[in-house]
Amino acid sequence: MTVTRLLVTGGAGFIGSNFVHHVLGHTDHDVVVLDALTYAGNRASLEGLPQDRLQFVHGDITDADLVDRLVGECDAVVHYAAESHNDNSLDNPRPFLDTNIIGTYTLLEAARRHGTRFHHISTDEVYGDLELDDPERFTEQTPYNPSSPYSSTKAGSDLLVRAWVRSFGVRATISNCSNNYGPYQHVEKFIPRQVTNVLRGIRPKLYGAGENVRDWIHADDHSSAVLAVLDRGVIGETYLIGADGERNNKDVVELILTTMGRPADAYDHVTDRAGHDLRYAIDSTRLRTELGWTPQFQDFEAGLAATVDWYREHEAWWAPAKDATEAFYASKGQ
Ligand code: NAD
Ligand code: DAU
């Protein structure tokens, strides 16, 4: 499709800001970011970008008047804004309902009124989890079976998008991606938490035995996949995004430690997450064969080393959030 002006919700967050960097670097689209700058949003993540092609709007996706105006001024919406952290959703689910459900509903209603193309960013967590030895991975046909308040609100938001396509003819697509890593990720998340712990002289913290498997993809590969769906995806369809990056948490924490020149066993086991999903794994055949997408970051060790370097060089970006994040985890025994 022809896009000239893209509305990116949540563009000051981790994956949204990576997407804005990618779009401004690889296309000639202009970008409008709508972001509420919650604890997870950071304007510094958008520094250094061409200001004549980027407009930042500080606002909430549940603000129907604001959303209606911005959606009406853009050719397409890419909807990243969400409450995104499972541990927070176990502590206080309410903001997840407000943003992930009501916020998505508010955007869909605006897209419906204006006939605007809509792409919804979602997660593989809507499918629940897999056994470690399950030969099947998640596909577009896997039934929904979310475990946490976070993943159930993302599942609800996906179903709203499907209903708005079928009942109201909204021109929407959905993508469900696996675990992202890369620059600009909040220190509450697994990889940045452990990297910044090591930088601060704190031992990394592994939930339970660390056997849980996540399917890692670099955020820049997520961005190129979203552009492929926006450009060539079939309206009403869902595309799974993943880069064959399955690793268990114990291996990842040990890799972080050795990458940073520390002994591989210099970490602590802490209280496990309630309802902790065991394994996620994405089969991205559809995206690769139908839309011709290929990930560029195929070497996790190299991508992780570059991410470690980024956190080493950007302490001013992450330090303001570090103490409060660790105080939250300490209060949970994590
Ligand atoms: P994040 O928490 O880093 O960023 C979320 C952004 O949304 C922040 O900038 C925040 O200020 C903004 N926001 C929150 N509530 C808002 C509201 N009511 N109105 C406007 N802005 C609001 O999240 P992330 O990890 O970048 O995830 C982005 C999206 O990608 C989410 O939809 C998430 O479900 C999805 N996703 C994440 C991953 C992952 O590995 N992190 C994987 C697959 C899908
Ligand atoms: O799969 C996609 C999802 O990936 C996204 O939808 C979510 O928004 C994103 O946060 C992420 O969810 P996870 O719960 O998998 O990510 P998190 O970084 O919180 O944890 C990754 C794994 O590491 C998980 O098994 C829990 C574990 N963990 C996490 C932290 C913060 C630890 O062992 N120690 C920790 O300190």
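None of the values given here were measured: they were computed from a predicted structure.

Around ligand 2 sit 19 residues in total, of which S84, T123, K189, F190 and Y207 are the nearest. Going through the elements one at a time, α6 (190-200) and β8 (205-207) are the ones with two or more residues in the shell around ligand 2. If one sorts the elements of the shell around ligand 2 by residue count, β8 sits on top with three residues. Here the shell around ligand 2 is built from residues that sort into four nonpolar, eight polar and seven charged.

Right, let's talk about the pairing of strand β11 (residues 238-241) for a bit. One face of the sheet, then the other: side chains in a regular strand alternate in exactly this way. Across the two faces of β11 the burial is the same, with T238 and L240 and Y239 and I241 all buried. Pairing geometry for strand β6 (residues 172-177) and β11, over four bridges, is parallel. Counterpart to S175 in the pairing with β11 is Y239.

Pairing is parallel in the open sheet, where seven strands are placed in the order β3-β2-β1-β4-β5-β6-β11. Two strands close off the open sheet at either side, each with one partner strand: β3 (54-58) and β11. Taking the axes of each pair of neighbouring strands and ignoring which way they run, one obtains an average angle of 20° across the sheet. Direction of pairing for strand β4 (residues 76-79) relative to strand β5 (residues 117-123): parallel, over a ladder of four bridges.

A few words on the nonpolar core. Side chains of a nonpolar character, in soluble globular proteins, are inclined to be buried together. L7, V8, V71, V77 and V78 are the most contacted members of the largest nonpolar core, which totals 79 residues. Looking at this core, the element that brings in the most residues is helix α7 (residues 219-232), giving seven residues. When neighbours within four sequence positions are excluded, V77 is seen to be in contact with L7, T9, V71, L107, A111, T116, F118 and H119.

Helix α10 (residues 300-313) packs onto α6 with a crossing angle of 55° between their chain directions and a minimal axis gap of 10 Å. Classified by the angle their axes make, α6 and α10 are oblique. For the pair α6 and α10, the sense of crossing is right-handed. Contact residues: α6 offers I191, P192, V195, T196 and L199, while α10 offers T307, V308, Y311 and R312. Classifying every residue of the contact of α6 with α10 gives six nonpolar, two polar and one charged.

This paragraph deals with the site of ligand 1. As a structural note, the neighbourhood of ligand 1 is formed by 30 residues, with G10, G13, A40, G41 and A82 the closest of them. Elements that contribute at least two residues to the shell around ligand 1 include exactly α1 (14-26), α4 (94-114) and β5. Of the residues in the shell around ligand 1, the class split is 12 nonpolar, 14 polar and four charged.

Moving on, we get to the UniProt feature "domain: NAD(P)-binding" (unreviewed entry) in the protein chain. UniProt records the feature "domain: NAD(P)-binding" (unreviewed entry) at residues 7-302, using the numbering of this structure. Secondary structure over residues 7-302 splits into 39% helix and 17% strand, and the C-alpha atoms at its two ends are 32 Å apart.

Glancing now at unusual backbone geometry. Backbone geometry places L37, a non-glycine residue, at a positive phi of 50°. The exposure class of L37 is partly exposed, given the 14 C-beta atoms found within 10 Å. The backbone of D244 sits at a positive phi, close to 55°, despite the residue not being glycine. Structurally, D244 is set in the loop between β11 and β12 (246-248).

What counts as what
Residues numbered from 1 in each chain as written. Chains lettered and ligands numbered in written order. Predicted model: local features only at pLDDT ≥ 70, side-chain atom pairs only at ≥ 80, totals over all residues. Near = placed C-beta within 6 Å. Helix = DSSP H or I, 4+ residues; strand = E, 2+ residues; numbered from the N terminus. Nonpolar A, V, L, I, M, F, W, Y, C, P; charged D, E, K, R; others polar. Buried ≥ 20, exposed ≤ 12 C-beta atoms within 10 Å, placed from the backbone. Pairing = 2+ DSSP bridges. Axes fitted to C-alpha atoms, helices over the stretch in contact; angles between N-to-C directions. Core = buried A, V, L, I, M, F, W, Y, C linked by C-beta atoms within 7 Å. Contact = placed C-beta atoms within 7 Å. Parallel < 35°, antiparallel > 145°, perpendicular 65-115°, else oblique. Left-handed = near helix turned anticlockwise from the far one by under 90°. UniProt positions renumbered as here; feature names shortened; annotations may be inferred.

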